[in-house]
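Notes for the structure review
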Amino acid sequence: GESVGLHLPTLSVQEGDNSIINCAYSNSASDYFIWYKQESGKGPQFIIDIRSNMDKRQGQRVTVLLNKTVKHLSLQIAATQPGDSAVYFCAETYFGNEKLTFGTGTRLTIIP
Amino acid sequence: DAGVTQSPTHLIKTRGQHVTLRCSPISGHKSVSWYQQVLGQGPQFIFQYYEKEERGRGNFPDRFSARQFPNYSSELNVNALLLGDSALYLCASSWRADNEQFFGPGTRLTVL
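Residues numbered from 1 in each chain as written. Chains lettered and ligands numbered in written order. Predicted model: local features only at pLDDT ≥ 70, side-chain atom pairs only at ≥ 80, totals over all residues. Heavy atoms only, no water.

1. Considering the overall build of chain B
Helix and strand counts for chain B stand at 0 helices and 11 strands. The N-to-C order of helical and strand elements in chain B reads β-β-β-β-β-β-β-β-β-β-β. Taking 112 residues into account, the globule formula puts the C-alpha radius of gyration at 13 Å, and chain B, at 13 Å, falls close to it. Along the longest, intermediate and shortest principal axes, the C-alpha atoms of chain B span 35 × 25 × 25 Å. Of all 112 residues assigned to chain B, the portion counted as buried reaches 48%. Considering only residue pairs separated by 6 or more positions, chain B has 53% of its internal contacts joining residues 24 or more positions apart. Total accessible area computed for chain B in this model is approximately 5,400 Å², and 50% of it derives from carbon and sulfur atoms. (Helix = DSSP H or I, 4+ residues; strand = E, 2+ residues; numbered from the N terminus. Rg over C-alpha atoms; globule rule 2.2 N^0.38 Å. Buried < 20%, exposed > 50% of the residue type's maximum accessible area, 1.4 Å probe, protein only. Contact = heavy atoms within 4.5 Å. Areas by Shrake-Rupley, 256 points an atom, 1.4 Å probe, with all protein chains shown as cover.)

Spelled out as structure tokens, the structure:
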């Protein structure tokens, strides 16, 4: 079946720098995308979402970019902090669907 | 406000036994979804319930079953446990079936 994947399984970033986590999706019917952060021993925490009628959406220190032409989305985290260290998942779904399809995740490590 | 709660936090079972996991959604949320997360992977969809009816089922055997109660809480049951059922079981709630999902902390199931 179709799935969501990630380009980089691990990413190390210096504290204070910006980080970019990438995600490729293959289901062209997907119209809703979400980024989750999962810390050790915890459930996924919603970070930001974007619908297919948008190219960019900004939150607090985070920006999600969606490129439907190449089926790619990214999560940008500005001025990274030690608390940003976690595994980040992108997930996709579409209107009327009942499930989220997750990728395998990227582990982000912030170097002090 | 209380988020999604799950019980128990940890559980150890032996092969062949059955297990019941419980989830209480965020107040006002009518939809509950269950996911299985094997170590090192993204969550995999098991079930979604909305207004006490099953709305979706993932690619899991019939040993897995669930139900939703009038107060919108939910139980996930797994019969004839296998070693491969060892995982973090996540519950997510949303206001409607196609809304943003909020995850609980999960139940860590270990099958020996």
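On we go from here.
2. Here's the deal with the side chain of S74(B)
Residue and element names in this part refer to chain B. Inspection of the secondary structure assignment puts S74 in strand β8 (residues 74-78). At 2.9 Å, the side chain of S74 and the side chain of W34 are in polar contact. What S74 contacts, discounting residues up to four positions off in sequence, is L21, R22, C23, V32, W34, R67, Q68 and F69. (Polar contact = N/O pair within 3.5 Å; in protein donor to acceptor, adjacent residues only side chain to side chain.)

3. Description of the packing of aromatic side chains
Here the structure, examined in full by the defined rule, presents 11 aromatic pairs over all chains. For the ring pair Y35(B) and F45(B), a centre distance of 5.7 Å and an interplane angle of 70° mean the geometry is edge-to-face. Pair noted here: Y35(B) is in strand β4 (residues 31-37) and F45(B) is in strand β5 (residues 44-50), with a separation of 10 residues, a long-range link. Residue class for Y35(B) comes out buried when judged on its relative accessible area of 0%. On the basis of relative accessible area, F45(B) is assigned to the buried category, the value being 5%. Put simply, the rings of Y36(A), F46(A), F89(A), F102(A), Y35(B), F45(B) and F103(B) pair up and form one aromatic cluster. Just above the ring of Y32(A) sits the side chain of R51(A); from NZ or CZ to the centre is 4.1 Å. (Phe/Tyr/Trp six-rings, centres within 6.5 Å; stacked < 30°, edge-to-face > 60°. Lys NZ or Arg CZ within 6 Å of the ring centre and 35° of its normal.)

4. Structural notes on the interface of chain B and chain A
Listed by partner, the interface residues are 20 residues for chain B and 17 residues for chain A. Surface buried jointly by chain B and chain A totals about 1,400 Å² across both partners, of which 55% is contributed by carbon and sulfur atoms. Scanning the region where chain B abuts chain A turns up 0 salt bridges. Linking chain B to chain A there are 3 residue pairs in polar contact (both at pLDDT 80 or more). Secondary structure elements with two or more residues in the side of chain B that touches chain A: β4, β5, β6 (53-57) and β9 (87-94) of chain B. Class assignment of the residues belonging to the side of chain B that touches chain A gives a composition of 8 nonpolar, 9 polar and 3 charged. (Buried area = accessible area lost by both parts, 1.4 Å probe. Salt bridge = Lys/Arg side-chain N within 4 Å of Asp/Glu carboxyl O. Nonpolar A, V, L, I, M, F, W, Y, C, P; charged D, E, K, R; others polar.)

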